[in-house]
Amino acid sequence: MTLLSNVQGWFTGRGDAAPADPDSQLMWRYRQSGSADLLARLMRNTGDDLYHFLLTQTDAAFAEDLYQSVWLRVMERRHQYEPGSAKFKTWLFTLGRHLMIDELRRQKRWQSTDLDSAETDPASLAELHTQPLESTIAQDNLHQHFDRLLLGLPFAQREAFVLQQEGFSLKDISDITGIGQETIKSRLRFARQTLQQQLEAHHGPA
Amino acid sequence: MAPHDDRSAPHDDDLSSLYRQRKQRHPAPERLNEAVLATAKAEKDRHGRGYGWKGALSSVAAAVVILVLGMNWLQDPVLSLSEDVSLVSEMADTEATESAQSFLSELATGEAPPEPARSAPAPAPKAETRRMEPAESEPSGSDAPVMMADRALPFESVQSEAVALKPRFLKAIAGENSVFEQCDGRLFEYTIPTAPSKGWFEVEWSESGGIGSVVSRGAESPCDSQ
């Protein structure tokens, strides 16, 4: 990076691209200082969200390894964070998803059809996805039933649903996954329908 | 972060509630956070210690250099500064270095410096060089008149030259009692009170370089007998 671009980045970083939300401000400060205390605050604010996303998409052991890898990547690439281009949480989940898919591919637990073939038959496609967490969950409990249904969703639907529940907008989800917003809408619709229908079938309408 | 707006399904709130409760049951293990933070602190310390060590070393080195230069300058400002100039520009020629020394001396003392001692002998002034050279350009044995103004030299210089040359035979020139003609036709300036008023004479030089004795040799040139 040249001096000129550094100067330009400095000005843009202090101008219209200044982070608005608290986590992005923290990340901006962490980018500049590398303070472990700031990183701890970021982990405290967003760590549970990230871990749950990874856990829901993979399994416990995998999620733990990924979780640490993501934060180490945040440390390594903190200078690449541009508050004007994405909020911190969006950037964090994008890093996490990329690492997750890379690792799934490396372990040959990922197929390119996983994202595309998940729309039609969630029950049968559940086997294609990563090993679900807590496969022995008892079904006599609403929460356990919800867990089982969520983990039974196809990877892409589950991903879209979790990201939506984490507060990401359609655009954010599209940015994180690299998938168009209309496709995201479709996945969300399938995911909600499946969850609601299955929950109502066993526990009645809320 | 604004949640997605497309949430009109009747049971979305229930799903969200179930989701939040599920998330609360699965927080990130604290040991993972601690491991990451330990790595972050170690990384930060490593960088901080590395930069600190380098910075401290640079500062100490700079301080030592400044201290040594300062002590040298206090001991002998002119010499130290001159040495500094020599260190800075080893390739500079002698004239440039001497100019720098003079300049620095003026700066240090506020007055013009004395002429620096030279290891090599100073080149003679041009006038002196011309006077000491054999007059090859002048016609040998010429009787052409010599313009004395061309040879108007300080007496002391003439005397030392005479002592150095010590011509044996000289010929008196009419009207001149301190200018004589040598065998090769060149003029020789030296006050010889006992010199004859005309004709050739032979000079015997004393050990001290002065005139020992003068013997008249007549009008005939004795130069061939040399």
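Since the structure is predicted, the reported quantities are computational estimates derived from the model, not experimental observations.

Chemist: I'd like a rundown of the overall build of chain B, residues and numbers included.
Modeler: Helix and strand counts for chain B stand at six helices and five strands. Along its sequence from the N terminus, chain B presents helices and strands in the succession α-α-α-α-α-α-β-β-β-β-β.

Chemist: Describe the sheet that holds strand β4 (residues 200-205) of chain B, listing the residues and the values that go with them.
Modeler: All names here are of chain B. Ordered in space as β3-β2-β1-β4-β5, the five strands form an open sheet in which the pairing is antiparallel. A single partner strand is all that each edge strand has here, and the edge strands are β3 (187-189) and β5 (211-218). Ignoring strand direction, the axes of neighbouring strands in this sheet form an average angle of 40°. Inspection of the sheet shows strand β1 (residues 169-172) paired to β4 by three bridges, in the antiparallel sense. Residue pairing across strands places Lys 171 opposite Trp 200, the latter belonging to β4.

Chemist: Give me the lowdown on the interface of chain B and chain A, citing residues and values where you can.
Modeler: In this assembly, 33 residues from chain B lie in contact with 50 residues from chain A. On inspection of chain B and its partner chain A, the count reaches five salt bridges. The partner of Arg31(B) in a salt bridge is Glu64(A), and the shortest N-O contact between them spans 2.8 Å. Here chain B and chain A share 13 residue pairs in polar contact (both at pLDDT 80 or more) between them. Residue assignment for the side of chain B that touches chain A shows that the elements contributing at least two residues are α1 (12-25) and α2 (30-75) of chain B. When residues in the side of chain B that touches chain A are grouped by element, the largest group, 11 residues, is from α2(B). Here the residues of the side of chain B that touches chain A are counted per class, giving 15 nonpolar, seven polar and 11 charged.

Chemist: Just give me the short version of the side chain of Ser24(A), but keep the residues and values in it.
Modeler: Residues and elements named next belong to chain A. Tracing the backbone shows Ser 24 in helix α2 (residues 22-33). When its relative accessible area of 1% is taken as the criterion, Ser 24 is described as buried. There is a polar contact of 2.4 Å between the side chain of Ser 24 and the side chain of Asp 21. Polar contacts involving the side chain of Ser 24 include one to the main-chain amide nitrogen of Phe 88, which spans 2.9 Å.

Chemist: Requested: an account of the confidence of the model for chain B, with residues and values cited.
Modeler: Residue and element names in this part refer to chain B. The share of residues in chain B with pLDDT of 70 or more is 51%, and the mean pLDDT across the chain is 67. Ranking the elements of chain B by mean pLDDT puts helix α5 (residues 126-132) last with 39 and α1 first with 90. Counting contacts from residues 1-10, a segment whose pLDDT is below 50, to residues more than four positions away or on other chains yields 24 contacts. Confidence over residues 84-92 falls short of pLDDT 50; this stretch has five contacts with residues more than four positions distant or in other chains.

Chemist: Run through the packing of aromatic side chains, naming residues and quoting values.
Modeler: Within this structure, the stated rule accounts for 13 aromatic pairs over all chains. Where Phe188(B) meets Tyr190(B), the ring centres are 6.1 Å apart and the plane angle is 25°; that geometry is what we call stacked. What links up through ring pairs into an aromatic cluster is the set Tyr51(A), Tyr67(A), Trp71(A), Tyr81(A), Phe88(A) and Trp91(A). A cation over a ring is seen here: Arg78(A) above Tyr30(A), with NZ or CZ 5.5 Å from the ring centre.

Calculation rules
Residues numbered from 1 in each chain as written. Chains lettered and ligands numbered in written order. Predicted model: local features only at pLDDT ≥ 70, side-chain atom pairs only at ≥ 80, totals over all residues. Heavy atoms only, no water. Helix = DSSP H or I, 4+ residues; strand = E, 2+ residues; numbered from the N terminus. Pairing = 2+ DSSP bridges. Axes fitted to C-alpha atoms, helices over the stretch in contact; angles between N-to-C directions. Contact = heavy atoms within 4.5 Å. Salt bridge = Lys/Arg side-chain N within 4 Å of Asp/Glu carboxyl O. Polar contact = N/O pair within 3.5 Å; in protein donor to acceptor, adjacent residues only side chain to side chain. Nonpolar A, V, L, I, M, F, W, Y, C, P; charged D, E, K, R; others polar. Buried < 20%, exposed > 50% of the residue type's maximum accessible area, 1.4 Å probe, protein only. pLDDT = per-residue confidence, 0-100. Phe/Tyr/Trp six-rings, centres within 6.5 Å; stacked < 30°, edge-to-face > 60°. Lys NZ or Arg CZ within 6 Å of the ring centre and 35° of its normal.

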